[in-house]
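What follows is the residue order along each chain.
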Amino acid sequence: MKQTAIMVAALSALTLGCASVNAKDPAPRDFQRIVDSAHARYKDLKDGKNADYIPILTETPSDLFGVVIVTRDGKVYSAGDVDYAFSIQSVSKPFTAALVMTEQGPGVLRDKIGVEPTGLAFNSKLALAVYENSQNPLVNAGAIAAVSLVKASSEQERWKKVQQNLSDFAGRQLGVLEKVYDSEYSTAFGNRGIANLLFNWGRLYSDPEEALRVYTRQCSVGVTAKDLGLMGATLANGGVNPLTKRRVMPAEHVPELLAVMATAGFYDESGEWMYTAGLPAKTGVGGGIVAVVPGRFAIAAFSPRLNEAGNSVRSLNAIRDIAGELGVGVFGANPK
Ligand code: GLN
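Just so you know, these numbers come straight off a predicted model, no measurement behind them.

Participant: Hey, could you run me through the pairing of strand β6 (residues 288–293) in this one?
Facilitator: Two faces, one strand: in a regular strand the side chains alternate between the faces of the sheet. Extensive coverage of β6 is indicated by the burial of six of its six residues. Residues of β6 alternate between two faces, with G288, V290 and V292 on one and I289, A291 and V293 on the opposite face, all of them buried. By the bridge criterion, three bridges tie strand β5 (residues 281–283) to β6 in an arrangement that is antiparallel. Paired with K282 across the two strands is V290, which belongs to β6. Where β5 hands over to β6, the hairpin turn is made up of four residues, of which G287 adopts a positive phi near 110°.

Participant: What exactly am I supposed to notice about helix α14 (residues 313–326) here?
Facilitator: Note on helix geometry: an α-helix contains 3.6 residues per turn, so any two residues three or four positions apart are oriented the same way. Here α14 spans 20 Å end to end across 14 residues, near enough to the 20 Å set by a 1.5 Å rise per residue. Those residues of α14 that fall on the buried side of the exposure criterion are V313, R314, S315, L316, N317, A318, I319, D321, I322, A323, G324 and L326. The secondary structure elements touched by the buried residues of α14 are α2 (28–42), β1 (66–71), α13 (270–276), β6 and β7 (297–302). Downstream of α14 by one or two residues, G327 has phi in the positive range, about 65°.

Participant: Explain the pattern of salt bridges here, please?
Facilitator: Pairs can form between side chains of opposite charge once their charged atoms are near each other. Taken as a whole and assessed by the stated rule, the structure comprises 19 salt bridges. The residue K226 makes a salt bridge to D83 at a minimum N-O spacing of 3.2 Å. In this pair, K226 is assigned in helix α11 (residues 225–236) and D83 in the loop between β2 (76–80) and β3 (86–87), connecting sequence segments 143 residues apart. For K226, a relative accessible area of 26% gives the class partly exposed. In this structure D83 comes out as exposed when scored by relative accessible area, which is 56%. One salt bridge in this structure joins D168 and R246, with 3.4 Å as the shortest N-O distance. Taken as a pair, D168 in helix α7 (residues 155–170) and R246 in the loop between α11 and α12 (254–264) lie far apart in primary sequence, 78 residues in all. By relative accessible area, D168 is classed as buried at 15%. The exposure class of R246 is partly exposed, given its relative accessible area of 46%.

Participant: Any chance you could explain the packing of aromatic side chains here in plain terms?
Facilitator: Pairs of aromatic rings are described using the distance from one ring centre to the other and the angle between the two planes. Within the structure shown, the criterion is met by seven aromatic pairs. Measuring from centroid to centroid gives 4.2 Å for F266 and W273, while their planes differ by 10°, and the two rings are stacked. Each of the two residues, F266 as well as W273, counts as buried. Aromatic ring contacts, followed pair by pair, group F31, Y77 and F297 into a single cluster. Taking NZ or CZ as reference, K112 lies 5.2 Å from the ring centre of Y205, over its face. Taking NZ or CZ as reference, R217 lies 5.4 Å from the ring centre of W159, over its face.

Participant: It is not clear to me how the site of the ligand should be interpreted in this structure. Could you clarify?
Facilitator: Around the ligand sit 12 residues in total, of which Y53, Q89, S90, E184 and Y215 are the nearest. Here Y53 contributes a side-chain N or O atom positioned 2.6 Å from an oxygen atom of the ligand. N191 places a side-chain nitrogen or oxygen 2.8 Å from an oxygen atom of the ligand. Contact with the protein chains covers 99% of the free accessible surface of the ligand, which is 300 Å². Residues belonging to the shell around the ligand are distributed by class as follows: six nonpolar, five polar and one charged.

Participant: Help me understand unusual backbone geometry in this model?
Facilitator: Most peptide bonds are trans, and most residues other than glycine sit at a negative phi. Backbone geometry at Q89 places phi at a positive 50°, although glycine is not the residue there. In this fold, Q89 is placed in the loop between β3 and α3 (93–104). Residue classification places Q89 among the buried residues on the basis of a relative accessible area of 2%. In this model, K245 sits at a positive phi of 65°, which is unusual for a non-glycine residue.

Participant: Whenever I open this one, the nonpolar core confuses me. Can you help?
Facilitator: Note that soluble globular proteins tend to have their nonpolar side chains buried in a common cluster. One finds F169, V221, L228, M231, L235, M249 and L257 to be the most contacted residues of the largest nonpolar core, which totals 63 residues. Excluding residues that lie within four positions of it along the chain, M249 makes contacts with A98, M101, T102, F169, L235, G238, G239, V254 and L257. With 30 residues, the next largest nonpolar core counts Y77, A262, W273 and M274 among its residues.

Participant: Before we go on, may I ask you to explain the packing of α2 against α14 in this structure?
Facilitator: Geometry of a packed helix pair, given as the angle between the helix axes and the separation of the axes. Orientation of α2 relative to α14, taken along the N-to-C sense of each, is 145°, at an axis distance of 9 Å. Every pair of crossing elements has a handedness; the one defined by α2 and α14 is right-handed. Contacts between α2 and α14 involve F31, I34, V35, S37, A38, R41 and Y42 from the former and R314, N317, A318, D321, I322, E325 and L326 from the latter.

Participant: How do you make sense of the sheet that holds β7 when you look at a structure like this?
Facilitator: Ordered by their spatial adjacency, five strands build an open sheet running β2-β1-β7-β6-β5, and the pairing between neighbours is antiparallel. Since the sheet does not close on itself, it has two edges, and those belong to β2 and β5, each with one partner. For this sheet, the mean inter-axis angle between neighbouring strands, taken without regard to orientation, is 10°. Two strands pair when backbone bridges link them, and β6 and β7 are joined in this way by six bridges, in the antiparallel orientation. Across the sheet, residue A291 finds its bridge partner in β7, namely I299. Contacts between α11 and the sheet are confined to β1, β2, β6 and β7, with β7 contributing the most and set at about 155° to the helix. Set on the sheet, α14 makes contact with β1, β6 and β7; between it and β7 the angle comes to about 155°.

Conventions we followed
Residues numbered from 1 in each chain as written. Predicted model: local features only at pLDDT ≥ 70, side-chain atom pairs only at ≥ 80, totals over all residues. Heavy atoms only, no water. Buried < 20%, exposed > 50% of the residue type's maximum accessible area, 1.4 Å probe, protein only. Helix = DSSP H or I, 4+ residues; strand = E, 2+ residues; numbered from the N terminus. Pairing = 2+ DSSP bridges. Expected span 1.5 Å × (residues − 1). Contact = heavy atoms within 4.5 Å. Salt bridge = Lys/Arg side-chain N within 4 Å of Asp/Glu carboxyl O. Phe/Tyr/Trp six-rings, centres within 6.5 Å; stacked < 30°, edge-to-face > 60°. Lys NZ or Arg CZ within 6 Å of the ring centre and 35° of its normal. Near = heavy atom within 4 Å. Polar contact = N/O pair within 3.5 Å; in protein donor to acceptor, adjacent residues only side chain to side chain. Areas by Shrake-Rupley, 256 points an atom, 1.4 Å probe, with all protein chains shown as cover. Nonpolar A, V, L, I, M, F, W, Y, C, P; charged D, E, K, R; others polar. Core = buried A, V, L, I, M, F, W, Y, C linked by side-chain atoms within 4.5 Å. Axes fitted to C-alpha atoms, helices over the stretch in contact; angles between N-to-C directions. Left-handed = near helix turned anticlockwise from the far one by under 90°.

Laid out in structure tokens, this is it:
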């Protein structure tokens, strides 16, 4: 009798640790309390600085900070500036990779882009040396290649599909922050170089300047922290948007996408992120981050100041704390 009780306890601990669909979420007030306290803990942290290689990003007020959890059934728990629209930047990358998988199957990502972590910064010059063989859809080279793989017979069609797909994940129509686009496209010398080299190597599948323009527009899409939460919750919900109930990608490909996010979502900090937070996630230089607890919920945050790796300092700390407090790391509960 006693043994059975111990086994049951051990099994349920295991289930919770593995963040399975069967794990029980905390009560709403506990979710809210945990979001509020993570926000309060980091709202005065001033470490890091706004991205400045895209000139206009220096103008985003640095003290903005929002934290949100969105569950697979669409419940939202938030604190701070969760309705401020900022540019999605690289948080867009897994979602366009999802579009390519949905259109053409997961093999195309593996064969035509790659799914190996680079261990290098998103725009590393050294990375050029390895782009020929080793890349993934979450570094700039692979993300520009993913845009070039979207099936389209014109630039307009390519862009519309990318925009609609991001909108479907968010559950509302998203638009471009035109000033961000102008600022980034007029200074996109590095990304243009990457696109041209990839094309030269036969690893870019459309006109390079077209891929660069659509990629830059994709990065300039305006989102709120709440939108990122919903996009992540769509992944947590097996590819169905919790609000619109629309299927955005096949459930069977969600694990493959989350695997790439787990190994490369934080660029050259991906190892440390998985070591300390244990969740597949994606960051962007606009200050947004979304992390996914598979089968359960998403944790998203926004704050413009970035660390050396280009990841939002307040956001990553808040999400890591929440993951620790809820014990939802995918390999088991990380210590708090
Ligand atoms: N649009 C940005 C770039 O290409 C995205 C980088 C990022 O968010 N890490 O440089």
